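Take a look at the letters that make up each chain.
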Amino acid sequence: MELKITTLIENNPDEQGQLLFEHGLSLYIETAEKNILFDTGESGNFIQNAKSLNKNLNTLVYCVISHGHYDHSGGVEKLLKYVDQVPQFVVGEEFFKPKYKTIDVPGYQYNGNSFDEEFIASNQISLRKVKEETLYLTDHLIVFHHFSRYTNYEVRNRRFFIKENSKFMPDDFDDEISLGIITEKGLVVIVGCSPIAIINILKTISKRINIPIYAVIGGTHLIEADEKRIKKTISTLREMNIQLIATSHCTGEKGIRLISEEMKEQFQYNNTGNVIEI
Ligand SMILES: [Fe+2]
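Residues numbered from 1 in each chain as written. Predicted model: local features only at pLDDT ≥ 70, side-chain atom pairs only at ≥ 80, totals over all residues. Heavy atoms only, no water.

Notes on the coordination of the iron ion
Only Asp 71 (OD), His 72 (NE2), Cys 193 (SG) and His 249 (NE2) from the protein reach the iron ion as donors, at distances of 2.1 to 2.3 Å. Given four donor atoms and angles of 88 to 164° at the metal, the environment of the iron ion is assigned as irregular. Counting residues between consecutive donors of the iron ion along the chain gives the motif D-H-x120-C-x55-H. Taken together, the residues Asp 71 in helix 2 (residues 70-73) and His 249 in the loop between strand 16 (244-248) and helix 7 (252-263) connect sequence positions 178 residues apart. Residue Asp 71 is classed as buried on the basis of its relative accessible area, which comes to 4%. (Donors = N, O, S within 2.8 Å, 3.2 Å for Na, K, Ca; no water. Tetrahedral: all angles 85-135°; square planar, octahedral: opposite > 155°, others 65-115°. Helix = DSSP H or I, 4+ residues; strand = E, 2+ residues; numbered from the N terminus. Buried < 20%, exposed > 50% of the residue type's maximum accessible area, 1.4 Å probe, protein only.)

Right under this line is the structure:
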């Protein structure tokens, strides 16, 4: 199946400096069957970029949101106002749990969605809360959920929390979902931020589905990783024989530099406006 992925918004500007950019991620995915939006960035500015890039948001069948952090779900309300045809929203069943962090400033800072489940229901929006570990949306589109922990070097950031019964509990990111797209070259895996860690995600997927992973596109959360962890990550990507790594967002400058040095032409810097055709 032919596949085209356009980065509508991301942390880094486009080469021509004509598009908006922000801390966040939003990808417009065109397949032979359906068009999908993966994440909505922070502010809704991805809509402006979609117009500039001639990407029609009224053709979307699904809006998949990787997890309930503001930099991935922040554009939802503006998307709903903008489109005539509202896509089905696909999220992990834990998506609406209130999320916090203790990074940058002292105390618990809200880091979650700007809307709740009631808002979605009151607007009669079709919502698919994924309970399954592996869910086929179509023959070629798969949602992966509930990832296992395989590595000892991918230590999770314990400064992210969910609030449950008035208590702040460490966030295990159970809501995180990734999208798999089956192509003739293999499976293309789309990730949002990968706070569970990218190798854990890829190992889980490769154990669940008997199709080699051809490409990984999105954020890999290596921003807080030291050089040792990044190098272990790269060597595992090689072992898994992944042919294309197109990352940005929370991958961080060091992660991007090391992956691009090691993977060479197998690496693509997936900044705002970048287009990948598979
Ligand atoms: Fe993020």
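Thoughts on the pairing of strand 13 (residues 177-183)
Within strand 13, seven of the seven residues are buried, leaving the element largely enclosed by the surrounding structure. Residues Ile 177, Leu 179, Ile 181 and Thr 183 point to one face of strand 13 and Ser 178, Gly 180 and Ile 182 to the other, with burial holding for every one of them. Two elements, strand 10 (residues 141-145) and strand 13, share five bridges in a ladder whose sense is antiparallel. Following the sheet pairing, Ile 142 is matched in strand 13 by Gly 180. In sequence, strand 13 turns back onto strand 14 (residues 186-191) through a hairpin of two residues. (Pairing = 2+ DSSP bridges.)

Some points on the side chain of Gln 266
Position of Gln 266 among the secondary structure elements: in the loop between helix 7 and strand 17 (267-269). Discounting residues that sit within four places of it in the chain, Gln 266 has contacts with Arg 238, Ile 242, Gln 243, Leu 244 and Ile 245. (Contact = heavy atoms within 4.5 Å.)

Overview of the packing of aromatic side chains
In total, this model carries nine aromatic pairs according to the counting rule given. A centroid spacing of 5.3 Å and a plane angle of 75° characterise the contact between Tyr 100 and Tyr 110, whose relative ring orientation is edge-to-face. Here Tyr 110 lies in strand 7 (residues 109-110) and Tyr 100 lies in strand 6 (residues 99-101), a separation of 10 residues in the sequence. Taken together, the aromatic side chains of Tyr 100, Tyr 108, Tyr 110, Phe 161 and Phe 168 make up a single cluster linked through ring pairs. (Phe/Tyr/Trp six-rings, centres within 6.5 Å; stacked < 30°, edge-to-face > 60°.)

Quick look at the sheet that holds strand 6
Reading across the sheet, the four strands line up as 7-6-11-12 and stay open at both edges, with antiparallel pairing between neighbours. If you trace the sheet from one side to the other, it starts and ends with strand 7 and strand 12 (167-170), each paired once. One ladder, built from two bridges, connects strand 6 with strand 7; its direction is antiparallel. Looking at the pairing, Tyr 100 lines up with Tyr 110 of strand 7.

Side note on the sheet that holds strand 14
An order of 9-10-13-14-15-16-17 is seen for the seven strands of this open sheet, with the pairing classed as mixed. Edge positions in the sheet fall to strand 9 (134-136) and strand 17, since each has one partner strand and no second. When the angles between neighbouring strand axes are averaged without regard to direction, this sheet yields 20°. Bridging between strand 9 and strand 10 involves three bridges; their strand directions are antiparallel. By the bridge assignment for strand 10, Tyr 136 is matched with Ile 142. (Axes fitted to C-alpha atoms, helices over the stretch in contact; angles between N-to-C directions.)

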